[in-house]
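Here's the letter readout for the chains.
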Amino acid sequence: MHSPRGILLDECDNLQRVLDETLRSNYGLEGSEDFYTECQARLAYIKSELVNTPEDEHQNLQKSAELLQALSDLLSRIERSSIEHYSWPFVDELKKIALALCTEATLAGPNTPPYVFVLSEGGPGAYAIRPEQQRPSGASRRIHTITLPRTLKHFVLLHAILGHEIGHAMFRCSKHQADLANILSTQLLPGSSLATPATAAAWIYSPNAPIHVRQQLTDLAIRFGVTQGNLWNNFNFNQWREEILCDFLGIMTFGPSFVAAESNVLYGLNPSGAQVGPFHPPTGCRLTYLLSASRLLGYSTRTFSDSELSKSVAAFWAKLEAKRPTDPWYTLFTDAQIQAAANAMANLLHPLPPASYQPPDEEDLLLFTRQFANAVPPVGSYLNNDKAVHCRKIDFRNILEAGWIAATTSSLSFDKLNRLCEYGILQQQAVNISLKA
Amino acid sequence: MTIGYLLQPDQSGQLAKRFAHLASSYLDQPEDAQKLGATIPLENLFRILEMLRYEAFSDEPSGGIISFESVESPLERQQREAWHTEIRQALGEALTGSFGEVPRDQAIGQVQSVLRWLASGTNAPPDATIATTRDFLRRFEELLQ
């Protein structure tokens, strides 16, 4: 029979074998060797602790058991990461933004990017970025997991919602957390319904709340004993604030595509938009402040010299506006609060290229419109009248934006538009390489 | 149902204490700091010092774009709120005890320079900085339960 320590030491050997098998294969991990070294360091630490822990120190043995479990969970997630299951052209571009926002000081230097890998699982509700926590753990360099829905492999237009998730990872970087928290506490929340837990609870339990909300609150009281007085003992007020912050980071990094993606995904999962979540505010509130921000940032009021393009863009925003709840209960912030928060975030993101969203040129949108009309991928490459090839650098977020506009006006199916945009992002990467050469 | 369910209290404080102990031992035997597993205690200490520098202790797990979970259990909430209390206090007290009037940012920078030296074996800081860091690590370890 094995002793508890013997079992754990055996498990270290097992993990070593899994590590060797997993990271020698092609799982689409850029920098597999870095992952291997990081995981080796984690395993070496646990093993040395176990070797030095006497059999009767049960608490310390349990600590090592937990670290081993966390490492085996991580390795099995990495093992399930396969480039066959997600849109790698999109992920390549997303990583550039994530790395710019999540670079932090480590032993290696003042600006160390995290390790990032992609997991594909589930459906639309699976979108997530799970940064490894900052608290003491068995990790040296942190490894962030981007989760994309397996069923939405090619739906890059919806993937713009990951602008929100990158925000969570950014908020887990110490150097950004204080600035972001300051934007919330000085620009956005003071004077709003969410200024304090008490004002937030009073707003949620307001007699003017929509009927769907009041029904849910009654249900929560009956099933879980949740009331206005103990709401934040059961729900997470800080997480609510962080979710709102991440919505703002989403629009500041992905622009209109983010608003469209979030609206489509969230209403798909919660059609009434009224669900008061333990960690998230109601979808209706989120769309309300995102649409206000779109107006204040000039996204939804933009006009073009080409009248057809202006009409298409107006139709896109009109469709989103149609989803905005009419009940004023859903309005959490004033225009002034939204504008101040957006300005502060723009200042924070500006020195971190390519994080900030930049609206596309009219010329690019017109090019994409012609390409969609011919059912070809939107890309910054075209033949001029002399049949000479012209190429220009275009940000992938502008391709997504054009895709969303086309989704409002084009006869192409949403699936087809997504695939064209995915090919467009891939081809644009080739164009960008040729422009650098 | 899994074969067993163990309540896993947050072990951040215990880990931080152990990491401080190990980092102290690396000051006595710097060659040990070059071993593969030694980056774990050193990087963790570096990271919690960054958290202190920026007062950035929000570290709740992110659950994705929308959550289907039900309400949070009291145990989960307690753990969420309490994980950093002891570490934060111990870091602050140990820094003040060891570095006195030195501004906090500067003191953190000095400890981090020693951690980087241990990890890389290059750019040795002045002996006085190493001695103060040794004192800081001892105090930090003692202050944690």
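Residues numbered from 1 in each chain as written. Chains lettered and ligands numbered in written order. Predicted model: local features only at pLDDT ≥ 70, side-chain atom pairs only at ≥ 80, totals over all residues. Heavy atoms only, no water.

A.B. asks: Which parts of the structure should I look at to understand the overall build of chain A?
C.D. replies: Across its full length, chain A carries 18 helices and seven strands. Expected size for 437 residues packed as a compact globule is a radius of gyration near 22 Å; at 24 Å, chain A falls within 12% of this value. Taken along the three principal axes of its C-alpha coordinates, chain A extends 80 × 65 × 35 Å. Burial statistics for chain A: of 437 residues in total, 56% are counted as buried. When the accessible area of chain A is evaluated, it comes to approximately 17,600 Å², of which 53% is carbon and sulfur surface. Looking at chain A, you have 36 positive and 43 negative side-chain charges, and the mean spots of the two groups are 4 Å apart. (Helix = DSSP H or I, 4+ residues; strand = E, 2+ residues; numbered from the N terminus. Rg over C-alpha atoms; globule rule 2.2 N^0.38 Å. Buried < 20%, exposed > 50% of the residue type's maximum accessible area, 1.4 Å probe, protein only. Areas by Shrake-Rupley, 256 points an atom, 1.4 Å probe, with all protein chains shown as cover. Lys, Arg positive; Asp, Glu negative; His and termini not counted. Charge placed at Lys NZ, Arg CZ, Asp CG, Glu CD.)

A.B. asks: Looking at this model, I keep getting lost on the side chain of Arg-172 of chain A. Mind explaining?
C.D. replies: With respect to the helices and strands, the residue Arg-172 of chain A is situated in the loop between α6 (162–171) and α7 (174–188). When neighbours within four sequence positions are excluded, Arg-172 of chain A is seen to be in contact with Glu-104, Pro-131, Gln-134, Arg-142, Gln-177 and Glu-242 of chain A together with Ser-58, Asp-59 and Glu-60 of chain B. (Contact = heavy atoms within 4.5 Å.)

A.B. asks: When you look at unusual backbone geometry in this model, what are you seeing that I'm missing?
C.D. replies: Of all residues except glycine, most have a negative phi; of all peptide bonds, most are trans. Residues and elements named next belong to chain A. Residue Pro-354 is bonded to the preceding Pro-353 through a cis peptide linkage, with omega at 5°. Following the sequence through the fold, Pro-354 ends up in the loop between α15 (335–349) and α16 (362–373). Positive phi, normally seen in glycine, also occurs at Ala-375, with a value near 55°. Turning to its location among the elements, Ala-375 is positioned in the loop between α16 and β6 (381–383). For Ala-375, a relative accessible area of 32% gives the class partly exposed.

A.B. asks: In this structure, what is going on with the pattern of salt bridges? I would like to understand it.
C.D. replies: Opposite charge on two side chains lets them pair, provided their charged atoms get close. What the rule picks out here adds up to 30 salt bridges over all chains. Here Arg-135 of chain A makes a salt bridge to Asp-10 of chain B, at a shortest N to O gap of 3.0 Å. Here the residue Arg-135 of chain A occupies a position in the loop between β4 (128–130) and β5 (143–148), and Asp-10 of chain B occupies one in the segment before α1 (12–28), the pair thus bridging two chains. Look at Asp-10 of chain B and you get partly exposed, because its relative accessible area is 26%. Across the salt bridge formed by Lys-35 of chain B and Asp-32 of chain B, the nearest N and O atoms sit 3.2 Å from each other. Residue classification places Lys-35 of chain B among the exposed residues on the basis of a relative accessible area of 53%. A cluster of three or more residues bridged by salt bridges with shared partners is formed by Asp-135, Arg-138, Arg-139 and Glu-142 of chain B. (Salt bridge = Lys/Arg side-chain N within 4 Å of Asp/Glu carboxyl O.)

A.B. asks: Would you mind showing me how to read the interface of chain A and chain B here?
C.D. replies: How big an interface is tends to be expressed through the accessible area that disappears when the partners come together. Of the residues lining the interface, 62 residues belong to chain A; the matching set on chain B comes to 51 residues. For the pair chain A and chain B, the summed buried area comes to about 4,900 Å², and 54% of that belongs to carbon and sulfur atoms. It is Leu-107, Arg-135 and Pro-136 of chain A that lose the most area in chain A upon contact with chain B, and together they represent 17% of the buried surface on that side. The interface formed by chain A and chain B includes three salt bridges. Linking chain A with chain B are 17 residue pairs in polar contact (both at pLDDT 80 or more). Tallying contributions element by element places helix α2 (residues 32–51) of chain A first for the side of chain A that touches chain B, with seven residues. Tallied by class, the residues present in the side of chain A that touches chain B amount to 26 nonpolar, 23 polar and 13 charged. (Buried area = accessible area lost by both parts, 1.4 Å probe. Polar contact = N/O pair within 3.5 Å; in protein donor to acceptor, adjacent residues only side chain to side chain. Nonpolar A, V, L, I, M, F, W, Y, C, P; charged D, E, K, R; others polar.)

A.B. asks: It is not clear to me how the domain arrangement of chain A should be interpreted in this structure. Could you clarify?
C.D. replies: Residue and element names in this part refer to chain A. The domains assigned to chain A are domain 1 (1–80), domain 2 (83–173), domain 3 (178–349) and domain 4 (362–436). One C-alpha centre belongs to domain 2, the other to domain 3, and the line joining them spans 23 Å. Residue-level contacts link 18 residues of domain 2 with 22 residues of domain 3. Buried area between domain 2 and domain 3, summed over both chains or domains, comes out near 1,600 Å², and the portion from carbon and sulfur atoms is 79%. Broken down residue by residue, the surface that domain 2 buries against domain 3 is led by Ile-161, His-164 and Phe-171, which jointly contribute 36%. In this assembly, domain 2 and domain 3 are joined by one salt bridge. We note a salt bridge from Glu-242 to Arg-172, for which the minimum N-O separation is 3.1 Å. Here domain 2 and domain 3 share five residue pairs in polar contact (both at pLDDT 80 or more) between them. Within the residue set of the side of domain 2 that touches domain 3, elements represented by two or more residues are α4 (88–102), α5 (156–159) and α6. Looking at the side of domain 2 that touches domain 3, the element that brings in the most residues is α6, giving six residues. When grouped by side-chain class, the residues that make up the side of domain 2 that touches domain 3 number 12 nonpolar, five polar and one charged. (Domains from an automatic or database assignment.)

A.B. asks: What am I meant to see in the pairing of β5 of chain A here?
C.D. replies: Residues in a regular strand point their side chains to alternate faces of the sheet. Residues and elements named next belong to chain A. Counted residue by residue, β5 has six buried out of six residues, so it is predominantly covered. Residue alternation in β5 divides its side chains into two sets, Ile-143, Thr-145 and Thr-147 and His-144, Ile-146 and Leu-148, and both sets are buried. Two elements, strand β3 (residues 115–120) and β5, share six bridges in a ladder whose sense is parallel. Looking at the pairing, Val-116 lines up with His-144 of β5. Taken together, the three bridges between β4 and β5 define a ladder with antiparallel strand orientation. (Pairing = 2+ DSSP bridges.)

A.B. asks: Hey, could you run me through the packing of aromatic side chains in this one?
C.D. replies: Here a ring pair, both rings aromatic, is described through the centre-centre distance and the interplanar angle of the planes. All names here are of chain A. In the structure shown here, the tally under the stated rule is 18 aromatic pairs over all chains. On the numbers, 6.4 Å between centres and 80° between planes, the contact of Trp-203 with Trp-240 is edge-to-face. Of this pair, Trp-203 sits in helix α8 (residues 197–204) while Trp-240 sits in helix α11 (residues 237–254), placing them 37 residues apart in sequence. Exposure class is identical for Trp-203 and Trp-240. Each is buried. Ring plane angle 50° and centroid distance 5.6 Å describe the contact between Tyr-289 and Phe-333, whose orientation is recorded as tilted. Residue Tyr-289 is located in helix α13 (residues 283–296), and its partner Phe-333 is located in the loop between α14 (307–321) and α15; the two are separated by 44 residues in the primary sequence. (Phe/Tyr/Trp six-rings, centres within 6.5 Å; stacked < 30°, edge-to-face > 60°.)

A.B. asks: Explain the environment of Pro-360 of chain A here, please?
C.D. replies: Assignment of secondary structure puts Pro-360 of chain A in the loop between α15 and α16. Taking the C-alpha atoms as reference points, Pro-360 of chain A and Ser-292 of chain A, 68 residues apart in sequence, are found 20 Å from one another.

A.B. asks: Any chance you could explain the packing of helix α4 (residues 85–99) of chain B against helix α6 (residues 127–143) of chain B here in plain terms?
C.D. replies: The relative placement of two packed helices is expressed as an angle between their axes plus a distance between the axes. Residue and element names in this part refer to chain B. With their axes 8 Å apart at the nearest point, α4 and α6 run at an angle of 145° to one another. α6 is crossed by α4, and the crossing has right-handed handedness. Contact residues: Glu-86, Ile-87, Ala-90, Leu-91, Glu-93, Ala-94, Leu-95, Gly-97, Ser-98 and Phe-99 in α4; Thr-132, Thr-133, Asp-135, Phe-136, Arg-139, Phe-140 and Leu-143 in α6. (Axes fitted to C-alpha atoms, helices over the stretch in contact; angles between N-to-C directions. Left-handed = near helix turned anticlockwise from the far one by under 90°.)

A.B. asks: Can you help me understand the environment of Gly-125 of chain A in this one?
C.D. replies: Structurally, Gly-125 of chain A is set in the loop between β3 and β4. The residues contacting Gly-125 of chain A, other than those within four sequence positions of it, are Leu-269 of chain A together with Ile-65 of chain B.

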